[in-house]
Structures are given as C-alpha cells and as structure tokens.
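# Working through the structure, step by step
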Amino acid sequence: TKFIFVTGGVVSGLGKGITSASLGMLMKARGFRTTNIKIDPYLNYDAGTMNPYQHGEVFVLDDGGEVDLDLGNYERFLDTNLTFDHNITTGKVYSAVIEKERRGDYLGATVQVIPHITNEIKERIREIARDHDVVVVEIGGTVGDIESMPFLEAARQMQLEEGRDNVAFVHVTYVPKLRVVGEQKTKPTQHSVKELRSLGIQPDAIVARSEDPLEEAARRKISLFTNVPPEAVISAYDVEDTYEVPLMLEKEGLARYLTRRLGLPEREPELEDW
Ligand code: ADP
C-alpha cells in the first residue's frame, strides 16, 4: 500500500480537505483502490457534540459515526461510503491506549506518547490500508500545533518503516498577494516547510493556495527554498466551484507526479463522468 499524507501550513481553512478529497478521487480515477482517512487532532472522541458554529455541520456516516464534514467531501469525491474508523481523533487514540493500559496489555511498561500513542495511530492507519492500493491521510490542524505533533511523528515513522517509495508527503500552504506590492509572497510557505522539515518530514509536493494562479517567479522561489522540484510545486488558486479543484490539480500534474514518486504504474485518469 502507498500512503500519501496531507499536511497544512501557515493558516487553517486553506483547503486541505478539498485537496485530500481531490487527490483520493484522482487516484481512484486511475484505477487504484483508494480510500481517505481524516485525522482530527482534537481531544473530542467524535464531532457529534461539537459546536456547529465553530466546526460546521456534523456529518453522519452510514454506521452512525459522527464526524467532521471533510468526510462528507471524501464520500462525494470518491463516490464511496466510509466508516467511523476513517476518522481518527486524539480522543479516540488516547481512549484506546488508556483502556489497553487498564487492561494490562502493556505489561507494566511506562506508557508514553512515543511509542504507545504513535503506535496506536500507525496501527489504525494500517488497519484501514488493508485491501487498498493508496490511502490519503489528511492531518488536520497546522504544522507547529502541539496537538498535531504525535500524528506528524507517526507519519514520519511510517515513512521509515514502510520505505520512502511507499510514503509521500503533500504540504498545503498559503501564498498571499500584497495588494500594494502586487507580488505573491512565498515567505510564509518557506517558514512552514522549514517547520515541517525540523520534524523530520521533507514534503514531496507543495500545494500553494492563492487567489490567482501561482506566478512562475513564486514557483521557482518556493522550489528553491523548500527543495521540492518546480513541477511538484502545484498551483491551487481560488475557483468558483470546489468540484473544479480535482480538474485543476490534475492539470497541474499533482497525481501524476505522486504516482511516479511512489512507483505506481502511470495511467491516465478516467474523468469523463466528473
Ligand atoms: P481545511 O481542511 O484546510 O480546513 P477545507 O478543505 O475545509 O479546508 O476548505 C476550506 C474552504 O475553502 C471550504 O469552504 C472549501 O470549499 C474552500 N476551498 C478549498 N479550496 C478552494 C479553491 N481552490 N477555490 C475556492 N475555494 C476553495
């Protein structure tokens, strides 16, 4: 199985969810058995009791699981039904680890974030990965948040354990344009990639969210400072309709680049019905 982790930098609400859903869809359209996982780094067990004014509507899955509305996007984009296991929250992970500890499963060991919490996270991701060619894992929150640290650490470990050919990282960032200067600014992207690299994760592709298409100068600069080849610096500008996002990412070559990076057979996606 190939794993694609999607992280976010600079600010929240960038479109990590839409990017992850689109990526899942583009992999599925290539004939790979694909599924998506959403990681929510909050301590709540599920989204069922969360204030909809803060978090948007709660999405209810077929098995009754109450989750973040990103899972709704996954279901629509991948034309599939997901289960409660496809949403991993800090609350679920800690709850499971504490239950195991009380049961004596750890045989008196000191139970710690590393390795016990990170192992629990990896186990849950691998469990879903069975019977799939590609799993897209969206890590909620922004790189640098304390809350998302164990998940990023688990992802880093997975690249070591599964091998570099089997795990890729996509980092979604924001490229603002200062009206008075009229230039797209790459510094926030540089900083967030630096932060990600300080955690041992080198992104394979950057999805740069901006109002207008990414200018060539900005693309080159991001590439140079982040050590990501220019063709893997993907422009995701604002579009009218989020259903256009997969087509935009396909044109930009994100999925093509990742299939090559992961050693998957190169295929044209079936997008006629989209
Ligand atoms: P995140 O998961 O990073 O919080 P979401 O995927 O939920 O972000 O996206 C935040 C909002 O931005 C959503 O309303 C989504 O529809 C919108 N959005 C995402 N990408 C684009 C885009 N390229 N153009 C216009 N709107 C977008």
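## Structural notes on the overall build of the protein
Helices and strands together make up the secondary structure of the protein, namely ten helices and eleven strands. Here the C-alpha atoms of the protein give a radius of gyration of 18 Å, agreeing with the 19 Å that 2.2 N^0.38 yields for 274 residues. Projected onto the principal axes, the alpha-carbon positions of the protein cover approximately 60 × 40 × 40 Å. Evaluated residue by residue, the protein yields a buried proportion of 52% over its 274 residues. In the protein, once contacts between residues fewer than 6 apart in sequence are set aside, the share between residues at least 24 apart is 71%. In the form shown here, the protein has an accessible surface area of approximately 13,200 Å², with 48% of it arising from carbon and sulfur atoms. Taken together, the 32 basic and 45 acidic charged side chains of the protein have centroids lying 7 Å from each other.

## Brief notes about a nonpolar patch on the surface
A surface patch of nonpolar side chains, about 210 Å² in accessible area, is lined by Val10, Val11 and Tyr174. Structurally, Val11 is set in the loop between β1 (2-8) and α1 (16-28).

## Looking at α1
Over its 13 residues, α1 runs 18 Å from end to end, which matches the ideal 18 Å to within 8%, given 1.5 Å per residue. The buried fraction of α1 amounts to twelve of the 13 residues, a majority that puts the element mostly inside the structure. Within the sequence span of α1, burial applies to Lys16, Gly17, Ile18, Thr19, Ser20, Ala21, Ser22, Leu23, Gly24, Met25, Leu26 and Met27.

## Describing unusual backbone geometry
Backbone torsion omega between Ile114 and Pro115 reads 10°, so that peptide bond is classified as cis. Counting through the fold element by element, Pro115 comes out in helix α5 (residues 113-129). Backbone geometry at Asp79 places phi at a positive 50°, although glycine is not the residue there. Within the secondary structure, Asp79 sits in the loop between α3 (70-78) and β5 (87-89). In this structure, Asn227 is a non-glycine residue whose phi angle is positive, near 65°. Checked against the element boundaries, Asn227 lands in the loop between α8 (216-226) and β11 (233-237).

## Overview of the environment of Pro246
Counting through the fold element by element, Pro246 comes out in helix α9 (residues 245-252). Taking the C-alpha atoms as reference points, Pro246 and Met25, 221 residues apart in sequence, are found 7.5 Å from one another. Look past the residues within four positions of Pro246 in its chain and what remains in contact with it is Ser22, Met25, Leu26, Phe77 and Trp274.

## As for the pattern of salt bridges
For the coordinates displayed, the defined rule picks out 25 salt bridges. In this structure, Lys38 engages Asp68 in a salt bridge whose closest nitrogen and oxygen atoms are separated by 3.4 Å. Here Asp68 lies in the loop between β4 (66-67) and α3 and Lys38 lies in strand β2 (residues 34-40), a separation of 30 residues in the sequence. Ionic pairing is found between Asp204 and Arg164, a salt bridge with its closest N-O pair at 4.0 Å. Of this pair, Asp204 sits in the loop between α7 (187-198) and β10 (205-210) while Arg164 sits in the loop between α6 (149-162) and β7 (167-174), placing them 40 residues apart in sequence. Ionic contacts of the salt-bridge type, sharing partners, join the residues Lys38, Asp40, Asp68 and Asp70 into one network.

## Things to note about α9
The set of residues buried in α9 consists of Val245, Pro246, Met248, Leu249 and Glu250. Close packing links the buried residues of α9 with α1, α3, β11 and α10 (254-261). Gly253 sits one or two residues past α9 and shows a positive phi near 85°.

## Concerning the packing of helix α4 (residues 90-103) against α5
Relative to each other, α4 and α5 sit at 115°, their axes nearing to 10 Å. For the crossing formed where α4 meets α5, the hand is right-handed. Seen from α4, the contacting residues are Lys92, Val93, Tyr94, Ala96, Val97 and Lys100; seen from α5, they are Val113, His116, Ile117, Glu120, Ile121, Glu123 and Arg124. Of the residues that constitute the contact of α4 with α5, the class distribution is seven nonpolar, one polar and five charged.

## Quick notes on the packing of aromatic side chains
Geometry of an aromatic ring pair is reported as the spacing of the ring centres plus the angle between the planes. According to the stated counting rule, one finds five aromatic pairs in the structure shown. Their ring planes at 15° and their centres at 5.3 Å tell us that Phe77 and Tyr243 sit as a pair that is stacked. Within this pair, whereas Phe77 is found in helix α3, its partner Tyr243 is found in the loop between β11 and α9, the two being separated by 166 residues in sequence. Taking relative accessible area as the criterion, Phe77 reaches 5% and is therefore assigned buried. The exposure class assigned to Tyr243 is partly exposed, which follows from its relative accessible area of 37%. Here the aromatic cluster, defined as three or more aromatic residues joined through ring pairs, consists of Phe77, Tyr243 and Trp274. A cation over an aromatic ring shows up here: Lys92 above the ring of Phe84, its NZ or CZ 3.3 Å from the ring centre.

Quick notes on the rules
- Residues numbered from 1 in each chain as written.
- Predicted model: local features only at pLDDT ≥ 70, side-chain atom pairs only at ≥ 80, totals over all residues.
- Heavy atoms only, no water.
- Helix = DSSP H or I, 4+ residues; strand = E, 2+ residues; numbered from the N terminus.
- Rg over C-alpha atoms; globule rule 2.2 N^0.38 Å.
- Buried < 20%, exposed > 50% of the residue type's maximum accessible area, 1.4 Å probe, protein only.
- Contact = heavy atoms within 4.5 Å.
- Areas by Shrake-Rupley, 256 points an atom, 1.4 Å probe, with all protein chains shown as cover.
- Lys, Arg positive; Asp, Glu negative; His and termini not counted.
- Charge placed at Lys NZ, Arg CZ, Asp CG, Glu CD.
- Patch = residues over 30% accessible without salt bridge, like charges linked within 9 Å, V, L, I, M, F, W, Y side chains within 5 Å.
- Salt bridge = Lys/Arg side-chain N within 4 Å of Asp/Glu carboxyl O.
- Expected span 1.5 Å × (residues − 1).
- Axes fitted to C-alpha atoms, helices over the stretch in contact; angles between N-to-C directions.
- Left-handed = near helix turned anticlockwise from the far one by under 90°.
- Nonpolar A, V, L, I, M, F, W, Y, C, P; charged D, E, K, R; others polar.
- Phe/Tyr/Trp six-rings, centres within 6.5 Å; stacked < 30°, edge-to-face > 60°.
- Lys NZ or Arg CZ within 6 Å of the ring centre and 35° of its normal.

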